[in-house]
Amino acid sequence: MNVTVRFFASLREVIDHETMDLQLPGSTLASVRDQLRCRLDATQWEAICAAGVQVAVNQRIVRGDAALASGDEVAFLPPVTGG
């Protein structure tokens, strides 16, 4: 199963990619996290696991381990700050 992972704002800068295409062995958000853990260095991994980072699947914020379908878009969104 294939999904596209997008990183926004400060996460894009830390990861140094706007998108990654992943081929997953499973069909859940946990599979995405497993693949990213293998591909990212420690600093990058900590950035996407930081408090306040939200995950969206097909532009809808999800909590926990969401089910995915081939072709889905998974986005990691950094915490929003105001000014």
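Residues numbered from 1 in each chain as written. Predicted model: local features only at pLDDT ≥ 70, side-chain atom pairs only at ≥ 80, totals over all residues. Heavy atoms only, no water.

(A) Up close: the overall build of the chain. When its secondary structure is counted, the chain shows 3 helices and 5 strands. Shown N-terminal to C-terminal, the secondary structure of the chain runs as helices and strands in the order β-α-β-α-α-β-β-β. Computed over C-alpha atoms, the radius of gyration of the chain comes to 12 Å, within 12% of the 12 Å expected from 2.2 N^0.38 for 83 residues, which places it in the range of a compact globule. Seen along its three principal axes, the alpha-carbon backbone of the chain occupies a region of about 40 × 25 × 20 Å. Counting across all 83 residues of the chain, residues that qualify as buried make up 35%. Intrachain contacts of the chain at a sequence separation of at least 6 include 52% that bridge at least 24 residues. The chain carries 7 positive and 10 negative side-chain charges, and their two centres are separated by 6 Å. (Helix = DSSP H or I, 4+ residues; strand = E, 2+ residues; numbered from the N terminus. Rg over C-alpha atoms; globule rule 2.2 N^0.38 Å. Buried < 20%, exposed > 50% of the residue type's maximum accessible area, 1.4 Å probe, protein only. Contact = heavy atoms within 4.5 Å. Lys, Arg positive; Asp, Glu negative; His and termini not counted. Charge placed at Lys NZ, Arg CZ, Asp CG, Glu CD.)

(B) Spotlight on helix H2 (residues 29-39). Every buried residue of H2 is listed here: Leu29, Ser31, Val32 and Leu36. An end-on view of H2 places all buried positions within 155° of arc, on one side of the element. Facing away from the buried side of H2 by more than 90 degrees, the exposed set consists of Asp34, Arg37 and Cys38. Looking at the packing, one finds that the buried side of H2 touches strand E1 (2-7), strand E2 (19-23), helix H3 (42-49), strand E3 (54-57), strand E4 (60-62) and strand E5 (73-77). (Arc of directions from axis to C-beta.)

(C) Local environment of the sheet that holds E1. Spatially, E2-E1-E5-E3-E4 is the arrangement adopted by the 5 strands of the open sheet, whose pairing is mixed. Bordering the open sheet on either side are E2 and E4, each of which pairs with just one other strand. The sheet shows a mean angle of 30° between the axes of neighbouring strands, direction not considered. Examined bridge by bridge, E3 and E5 share 4 bridges and lie antiparallel to one another. Among the inter-strand pairings, Val55 is bridged to a residue of E5, identified as Phe76. Packing against the sheet, H2 makes contact with E1, E2, E3, E4 and E5, and its axis sits at approximately 110° to E2. (Pairing = 2+ DSSP bridges. Axes fitted to C-alpha atoms, helices over the stretch in contact; angles between N-to-C directions.)

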